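# Chains, contacts and geometry: an overview
Letter by letter, the chains look like this.
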Amino acid sequence: QVQLVESGGGLVQPGGSLRLSCAASGSIFSYIYMGWYRQAPGKERELVARITSGGTATYADSVKGRFTISRDNAKNTMYLQMNSLKPEDTAVYYCNRALAPFPSWGQGTQVTVSS
């Protein structure tokens, strides 16, 4: 079981930027298709970006052109660079295996976009 720890969230004004990090334990991280999810209050958790072990990225339409997912397999870490943030990006952000997440989730990191 891979353990995942998210960090980097915070309060930012509309149009601002944040960079999230996901630190993973275990030696299999580099082989895992990973993703960033988010859950806004009263809404279901959604997958917003995913990246293959080789670095091919796919984005939800809602974040395409504004968010960039990346990973450093040598450091067992994945990132989400978020630019041009909007109030509707406010949510708790989680990392996990893409499309078939592990049962155990990290605590997530809160992103709040507000003036």
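Provided above is the structure to which this section pertains.
Below is a short write-up of the structure. Treat the numbers as computed from the prediction; the structure is a model and nothing was measured. (Residues numbered from 1 in each chain as written. Predicted model: local features only at pLDDT ≥ 70, side-chain atom pairs only at ≥ 80, totals over all residues. Heavy atoms only, no water.)

All right, on to the packing of aromatic side chains then. Geometrically, a pair of aromatic rings is defined through the distance of the ring centres and the angle of the planes. One pass over the full model with this rule turns up two aromatic pairs. Ring geometry for Tyr37 and Trp105: centres 5.0 Å apart, planes at 85 degrees, overall edge-to-face. In this pair, Tyr37 sits in strand β4 (residues 34-39) while Trp105 sits in the loop between β9 (91-97) and β10 (109-113), placing the two residues 68 residues apart along the sequence. Ring geometry for Tyr94 and Trp105: centres 5.8 Å apart, planes at 80 degrees, overall edge-to-face. With Tyr94 in strand β9 and Trp105 in the loop between β9 and β10, the pair connects residues that are eleven residues apart, well separated along the chain. By relative accessible area, which is 27% here, Trp105 ends up partly exposed. Through a chain of ring-to-ring contacts, the aromatic side chains of Tyr37, Tyr94 and Trp105 assemble into a single cluster. One Lys or Arg, Arg45, reaches over the ring of Tyr94 and ends 4.2 Å from the middle of that ring. Just above the ring of Phe29 sits the side chain of Arg71; from NZ or CZ to the centre is 4.6 Å. (Phe/Tyr/Trp six-rings, centres within 6.5 Å; stacked < 30°, edge-to-face > 60°. Helix = DSSP H or I, 4+ residues; strand = E, 2+ residues; numbered from the N terminus. Buried < 20%, exposed > 50% of the residue type's maximum accessible area, 1.4 Å probe, protein only. Lys NZ or Arg CZ within 6 Å of the ring centre and 35° of its normal.)

Here we take up the pattern of salt bridges. Evaluation of the coordinates by the stated rule reveals four salt bridges. With a closest N to O distance of 2.9 Å, Arg38 and Asp89 form a salt bridge. Note that Arg38 is positioned in strand β4 and Asp89 in the loop between β8 (77-82) and β9, a separation of 51 residues in sequence. By relative accessible area, which is 0% here, Asp89 ends up buried. (Salt bridge = Lys/Arg side-chain N within 4 Å of Asp/Glu carboxyl O.)

Another point: the nonpolar core. Counting residues in hydrophobic clusters, the biggest one holds 28 residues, and the most contacted among them are Met34, Trp36, Met78, Leu80, Met82 and Tyr93. For this core, the secondary structure elements donating two or more residues are β3 (18-24), β4, β5 (46-51), β7 (67-72), β8, β9 and β10. Per-element tally for this core: the top contributor is β3, with four residues. If we ignore the near neighbours within four places in the chain, the residues touching Met34 are Leu4, Cys22, Phe29, Ala49, Arg50, Ile51, Ile69, Arg71, Met78, Asn96, Arg97 and Ala98. (Core = buried A, V, L, I, M, F, W, Y, C linked by side-chain atoms within 4.5 Å. Contact = heavy atoms within 4.5 Å.)

Let us now look at the state of the cysteines. One pass over the structure, following the stated rule, counts one disulfide. Paired by a disulfide, Cys22 and Cys95 hold their sulfur atoms 2.1 Å apart. Since a negative S-S torsion denotes a left-handed disulfide, the Cys22-Cys95 link at about 70 degrees is right-handed. In this pair, Cys22 sits in strand β3 while Cys95 sits in strand β9, placing the two residues 73 residues apart along the sequence. Judged by its relative accessible area of 0%, Cys22 is buried. Among the residues examined, Cys95 registers a relative accessible area of 0% and is labelled buried. (Disulfide = S-S within 2.5 Å.)

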